[in-house]
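# Remarks on the overall topology
Below are the chains, spelled out letter by letter.
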Amino acid sequence: NAGVTQTPKFRVLKTGQSMTLLCAQDMNHEYMYWYRQDPGMGLRLIHYSVGEGTTAKGEVPDGYNVSRLKKQNFLLGLESAAPSQTSVYFCASSFQGANTGELFFGEGSRLTVL
Amino acid sequence: GENVEQHPSTLSVQEGDSAVIKCTYSDSASNYFPWYKQELGKGPQLIIDIRSNVGEKKDQRIAVTLNKTAKHFSLHITETQPEDSAVYFCAASRNDYKLSFGAGTTVTVRA
C-alpha cells in the first residue's frame, strides 16, 4: 500500500524556471493538500482540494498553481520559481476534512531555487 | 485566520523522563486539535488528537490536555524512549478544511 507518493523527491531550479510537483494517493481520499515546511515556521497550507476538479487557496498561495483533474492526483506548479520558494513541500490527503480526521502525508519534496 | 503558537522550539530530556509541549491558539471556534510526529526524512504522522468537547485523552505513554477557556493544549510524553526523538507539531482546526500548524518542537531523548 503506497499511501501518498510525491515526485520528484529533490529538485534544483534556477530563478525563473518552472516545474510541477506530482502527488498521488491510492486511498480514494476526497481531500488533498499541499503544504510547505520552512525552519521555524512549521507547515503552511498552500492550496487544497475537496474533491476532483476543485481547488482552493490556503495561507500562502502566491506564486503557485494547482490542479486536481483526477481524484488520485494533485499537482503543484511553480510558473516562475523564486529563491523564496526554496522549501520542503509536503502533500497530504484525508478521507474527510482536515477538521475531522487524520491527514496522511507524503515523504516530502525538497526544492532549491538558485 | 487561526494562529497557533508552540513552545518550546527544542526540548532535550533524559531517557525515562517526561516531556511536555504546549500550544496556544487564537480562534475560539477551533474544535479539533491533533498532534503530529515527524521523524527525520519523513512526512508528519498523526499520534493523537482531541476534540473541544473533551478535556484529556491518553494513549499509552502519550496524553493531550485541552483548556478551552485559556485556549491552550499540551502534549505529554511519559517514560521517554530514544524512538520518541522527533519533531512534534501541534495543530488546530475550526469547521472548515484547513489545519493550522504550530512551528514545531524538536525533541531529543538522551540515553
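Look up: the structure comes first, before these words.
Residues numbered from 1 in each chain as written. Chains lettered and ligands numbered in written order. Predicted model: local features only at pLDDT ≥ 70, side-chain atom pairs only at ≥ 80, totals over all residues. Heavy atoms only, no water.

## Digging into the environment of Pro61 of chain A
Residues and elements named next belong to chain A. Tracing the backbone through its elements, the reader meets Pro61 in the loop between strand 6 (56-57) and strand 7 (65-67). Judged by its relative accessible area of 14%, Pro61 is buried. As for Pro61 and Leu45, which are separated by 16 residues in sequence, their C-alpha atoms are 7.9 Å apart. Setting aside residues up to four positions removed in sequence, Pro61 forms contacts with Ile46 and His47. (Helix = DSSP H or I, 4+ residues; strand = E, 2+ residues; numbered from the N terminus. Buried < 20%, exposed > 50% of the residue type's maximum accessible area, 1.4 Å probe, protein only. Contact = heavy atoms within 4.5 Å.)

## Here's the deal with the packing of aromatic side chains
With the rule as written, the count across this model stands at 13 aromatic pairs over all chains. An angle of 45° between the planes, with centres 4.7 Å apart, marks the rings of Tyr25 of chain B and Phe33 of chain B as tilted. The class of Phe33 of chain B is buried, set by a relative accessible area of 0%. Ring centres of Tyr25 of chain B and Phe73 of chain B lie 6.0 Å apart, and the angle between their planes is 55°; this geometry places the pair in the tilted category. Taken as a pair, Tyr25 of chain B in strand 3 (residues 19-25) and Phe73 of chain B in strand 8 (residues 72-77) lie far apart in primary sequence, 48 residues in all. Here Phe73 of chain B falls in the buried class, since its relative accessible area comes to 0%. By way of ring pairs, the aromatic residues Tyr33, Tyr35, Phe90 and Phe105 of chain A together with Tyr36, Phe89 and Phe101 of chain B are connected into one cluster. (Phe/Tyr/Trp six-rings, centres within 6.5 Å; stacked < 30°, edge-to-face > 60°.)

## A closer look at the state of the cysteines
All names here are of chain B. If you walk through the whole model with that rule in mind, you get two disulfides over all chains. The disulfide bridge from Cys23 ends at Cys90, spanning 2.0 Å between sulfur atoms. Taking the sign of the torsion about the S-S bond as the criterion, the disulfide between Cys23 and Cys90, at about -100°, is left-handed. Note that Cys23 is positioned in strand 3 and Cys90 in strand 9 (residues 86-92), a separation of 67 residues in sequence. Here the two residues Cys23 and Cys90 agree in accessibility, since each one is buried. (Disulfide = S-S within 2.5 Å.)

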